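Take a look at the letters that make up each chain.
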2 protein chains.
Amino acid sequence: MKKVEYSIGQLGKLTHTKVPTVRYYEEIGLITPVGRSEGGQRRFDQASVRRLGFVRHARELGFTLDAIRQLLGLADRPTASCEPVDGIVQQQLHEVDLRLARLQAIRQELQRMLDECSGGKAGDCRILEVLADHSLCLTEDHDHPDSTTDRQI
Amino acid sequence: MKKVEYSIGQLGKLTHTKVPTVRYYEEIGLITPVGRSEGGQRRFDQASVRRLGFVRHARELGFTLDAIRQLLGLADRPTASCEPVDGIVQQQLHEVDLRLARLQAIRQELQRMLDECSGGKAGDCRILEVLADHSLCLTEDHDHPDSTTDRQI
DNA sequence: ATAGGATCTCTAGTAACTAGAGCTTCAAGC
DNA sequence: GCTTGAAGCTCTAGTTACTAGAGATCCTAT
């Protein structure tokens, strides 16, 4: 069984990751090539594929790169307790729940705005009115964008 | 009835907007002070308050500043048809729906991961396993972060 | 008159990439 | 062995919507 090596492009294909993204992950220390070719091109191995796969999957689930860095650190020490892993995931679930709640409220208001728009001139547009006057909207949870840690997905 | 004027700080309080954010919105052309004081400080009026209120409310609903710029342009021409407004809002609703669907799938997988974790060593951690091996996860819609236009809320 | 809070401008930083310029390396075909 | 074109390299800068800080100036109340 010989060691298979991958170019950055092959690694990218295997993990559905764009090449510049792989380089970016290397830059911030999430993955490291096993070496370089004679001419200086990056070479990766099977472990890189798994590691990058992990990163990508976690990103799909909305984890920040920072959280992923922690998860990777924990995954690297198989004898450690998996409690912190659990904590990170629980935290993420919590944030997803918050975002779901906010999005659902937003969805409702958008839908209502659309329902009320009768399609005339902008001057009479109910949508523009609601947007201009917050008190016309139903949402209670008046959450101000500045304070909202708004992130991805 | 005399014209009331507001400093940037007062405007910020009235609209729950941080002062640097107000300046940023001015920089990108969303709002404009009515003038400046002798000493060069910005002065705003009631119309500024309404306009900034509009921006903030639209941001809460997840519109991009670009969409908001368009909405403001439409709101400024009351005789124009409100059809494009409707279009922008519908588009936004659509995006919110997509995001809700994705978040719900994510929520499910996070929950399942937590349910399966028995709390032992990281080496046996089901969570880390699932993260490392995408094929272990239930989500069908394998959506790759790169291609995801992931934005706020 | 003065103190101290508010405001000014300017630069730089955040997350997680993406895009482009200008150059070099690699692999396949002849 | 040579050529050619895709793929790789580094570096800089751009994206969105702000936020933070430095150092100077203004405004208002005592």
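Scroll up to find the structure this text is about.
The structure contained in this document is the topic of the report that follows. (Residues numbered from 1 in each chain as written. Chains lettered and ligands numbered in written order. Predicted model: local features only at pLDDT ≥ 70, side-chain atom pairs only at ≥ 80, totals over all residues. Heavy atoms only, no water.)

Considering the overall build of chain A
So, point 1. A tally of regular secondary structure across chain A gives 6 helices and 2 strands.
So, point 2. Going residue by residue from the N terminus, the α and β elements of chain A occur as α-α-β-β-α-α-α-α.
So, point 3. Counting over 153 residues, chain A shows a buried share of 43%.
So, point 4. Of the contacts made within chain A by residues no fewer than 6 positions apart, 52% connect residues no fewer than 24 positions apart.
So, point 5. Accessible area for chain A stands at about 8200 Å²; split by element, carbon and sulfur atoms hold 49% of it. (Helix = DSSP H or I, 4+ residues; strand = E, 2+ residues; numbered from the N terminus. Buried < 20%, exposed > 50% of the residue type's maximum accessible area, 1.4 Å probe, protein only. Contact = heavy atoms within 4.5 Å. Areas by Shrake-Rupley, 256 points an atom, 1.4 Å probe, with all protein chains shown as cover.)

Describing the protein's contact with DNA strand C
So, point 1. Thr21 and Tyr25 of chain A together with Ser7, Arg23 and Arg42 of chain B are the nearest of the 22 residues found near DNA strand C.
So, point 2. Sugar and phosphate atoms represent 91% of those atoms of DNA strand C found within 4 Å of the protein.
So, point 3. With respect to DNA strand C, the side chain of Ser37 of chain A contributes an N or O atom lying 2.9 Å from a phosphate oxygen.
So, point 4. Contact distances for DNA strand C include 2.8 Å between a phosphate oxygen and a backbone N or O atom of Gly39 of chain A.
So, point 5. Counting residues per element, the ones that place at least two in the surface near DNA strand C are α2 (19-27) and α3 (46-60) of chain A together with α1 (8-15) of chain B. (Near = heavy atom within 4 Å. Polar contact = N/O pair within 3.5 Å; in protein donor to acceptor, adjacent residues only side chain to side chain.)

Observations concerning the relation of the copies chain A and chain B
So, point 1. For the pair chain A and chain B, the best superposition has an RMSD of 0.1 Å and corresponds to a rotation of 180 degrees with a translation of 0.0 Å parallel to the axis. On this basis, the relationship between the two copies can be described by a two-fold rotation axis.
So, point 2. Comparing contact sets, 100% of the residues at the interface of chain A also lie at the interface in chain B, consistent with an isologous, same-surface contact. (Least-squares fit on C-alpha atoms with pLDDT ≥ 70 in both.)

Remarks on the nonpolar core
So, point 1. In terms of nonpolar packing, the biggest core is built from 79 residues, with Phe63, Val85 and Ile127 of chain A together with Phe63, Val85 and Ile127 of chain B touching the most fellow members.
So, point 2. Ignoring any residue separated from it by four or fewer positions in sequence, one finds Phe63 of chain B in contact with Leu110 of chain A together with Ala58, Ile68, Leu71, Ile88, Val89 and Gln92 of chain B. (Core = buried A, V, L, I, M, F, W, Y, C linked by side-chain atoms within 4.5 Å.)

Focus: the environment of Ala67 of chain B
So, point 1. The topology assignment puts Ala67 of chain B in helix α4 (residues 65-75).
So, point 2. Separated by 25 residues in sequence, Ala67 of chain B and Gln92 of chain B have C-alpha atoms that sit 9.1 Å apart.

Things to note about the interface of chain A and chain B
So, point 1. With 66 residues of chain A in contact, the opposing surface of chain B contributes 66 residues.
So, point 2. Both sides of the chain A and chain B interface together cover about 5800 Å² of buried area, and 69% of this is carbon and sulfur.
So, point 3. Between the two partners, chain A and chain B, sit 2 salt bridges.
So, point 4. Between Arg107 of chain B and Asp97 of chain A there is a salt bridge; the shortest N-O distance is 2.6 Å.
So, point 5. Counting across the chain A and chain B interface gives 4 residue pairs in polar contact (both at pLDDT 80 or more).
So, point 6. Of all elements in the fold, only α3, α4 (65-75), α5 (83-116) and α6 (126-132) of chain A reach the threshold of two or more residues within the side of chain A that touches chain B.
So, point 7. For the side of chain A that touches chain B, the leading source of residues is α5 of chain A, giving 20 residues. (Buried area = accessible area lost by both parts, 1.4 Å probe. Salt bridge = Lys/Arg side-chain N within 4 Å of Asp/Glu carboxyl O.)

Section: the packing of aromatic side chains
So, point 1. Per the counting criterion, the structure on display carries 2 aromatic pairs over all chains.
So, point 2. Considering the side-chain rings of Tyr24 of chain B and Tyr25 of chain B, the 6.0 Å spacing of their centres and the 45 degrees angle between planes classify their relative orientation as tilted. (Phe/Tyr/Trp six-rings, centres within 6.5 Å; stacked < 30°, edge-to-face > 60°.)

Notes on the protein's contact with DNA strand D
So, point 1. Surveying the vicinity of DNA strand D reveals 23 residues, the closest of which are Gly9 and Arg23 of chain A together with Thr21, Tyr25 and Gly39 of chain B.
So, point 2. Arg36 of chain A has a polar side-chain atom sitting 3.4 Å from a phosphate oxygen of DNA strand D.
So, point 3. For DNA strand D, a phosphate oxygen lies 3.0 Å from a polar atom in the side chain of Ser37 of chain B.
So, point 4. Broken down by element, the surface near DNA strand D gets its largest block of residues, 3 residues, from helix α2 (residues 19-27) of chain B.
So, point 5. When the residues that make up the surface near DNA strand D are grouped by side-chain class, the tally is 6 nonpolar, 10 polar and 7 charged. (Nonpolar A, V, L, I, M, F, W, Y, C, P; charged D, E, K, R; others polar.)

Observations concerning the pattern of salt bridges
So, point 1. Under the criterion given, the structure shown has 8 salt bridges over all chains.
So, point 2. Between Glu116 of chain A and Arg112 of chain A there is a salt bridge, with its nearest N and O atoms 3.1 Å apart. Of this pair, Glu116 of chain A and Arg112 of chain A both sit in helix α5, 4 residues apart, roughly one helical turn.
So, point 3. Across the pair Arg42 of chain B and Glu26 of chain B runs a salt bridge whose closest N-O atoms are separated by 2.5 Å. On the criterion of sequence distance, the pair formed by Arg42 of chain B in strand β2 (residues 42-43) and Glu26 of chain B in helix α2 is long-range, its members being 16 residues apart.
So, point 4. Classification of Glu26 of chain B by relative accessible area gives partly exposed; the value is 22%.

Details of α3 of chain A
So, point 1. Helix length check: α3 of chain A (15 residues) gives 21 Å between terminal C-alpha atoms against 21 Å at 1.5 Å per residue, within 8%.
So, point 2. Listing the buried residues of α3 of chain A in full gives Ser48, Val49, Leu52, Phe54, Val55, Arg56, His57, Ala58, Arg59 and Glu60 of chain A.
So, point 3. Tucked into the core, α3 of chain A has its buried residues touching α1 (8-15), α2 and α4 of chain A together with α5 (83-116) and α6 (126-132) of chain B.
So, point 4. Capping of α3 of chain A at its N-terminal end is provided by Asp45 of chain A; its side-chain oxygen lies 3.2 Å from the backbone amide nitrogen of Ala47 of chain A.
So, point 5. One or two residues past the end of α3 of chain A sits Gly62 of chain A, with phi positive at roughly 90 degrees. (Expected span 1.5 Å × (residues − 1).)

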